[in-house]
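Spelled out from the first residue to the last, the chains are:
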Amino acid sequence: MTPEGMKANLIDQFTMLQEIKKANKEENAILDYKIKTVAAKLSSLGVNVEDLTL
């Protein structure tokens, strides 16, 4: 997979997880952890996740 393809895939994952978190009214430690790991991967690829956070 190309770096741009990886970025697009991770952005899709990050936004999906953000949507789930927004819809979920209860705290979910696993969801929060997944969001952090995808955010770290995006940051390592030079993507600013602050622009993507709901």
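As a reminder, the structure under discussion sits directly above these lines.
Right, let's walk through the structure included here. (Residues numbered from 1 in each chain as written. Predicted model: local features only at pLDDT ≥ 70, side-chain atom pairs only at ≥ 80, totals over all residues. Heavy atoms only, no water.)

### Section: the packing of helix α1 (residues 3-23) against helix α2 (residues 29-44)
- For the pair α1 and α2, interaxial distance at closest approach is 10 Å and the crossing angle is 155°. The angle between α1 and α2 places the two elements in the roughly antiparallel class. The handedness of the crossing between α1 and α2 is left-handed. Contact with α1, carried on its side by Lys 7, Leu 10, Ile 11, Gln 13, Phe 14, Leu 17, Gln 18, Ile 20 and Lys 21, involves Leu 31, Asp 32, Lys 34, Ile 35, Val 38, Ala 39, Lys 41 and Leu 42 of α2 and no other residues of that element.
- The residue inventory of the contact of α1 with α2, partitioned by class, reads 10 nonpolar, two polar and five charged. (Axes fitted to C-alpha atoms, helices over the stretch in contact; angles between N-to-C directions. Helix = DSSP H or I, 4+ residues; strand = E, 2+ residues; numbered from the N terminus. Parallel < 35°, antiparallel > 145°, perpendicular 65-115°, else oblique. Left-handed = near helix turned anticlockwise from the far one by under 90°. Contact = heavy atoms within 4.5 Å. Nonpolar A, V, L, I, M, F, W, Y, C, P; charged D, E, K, R; others polar.)

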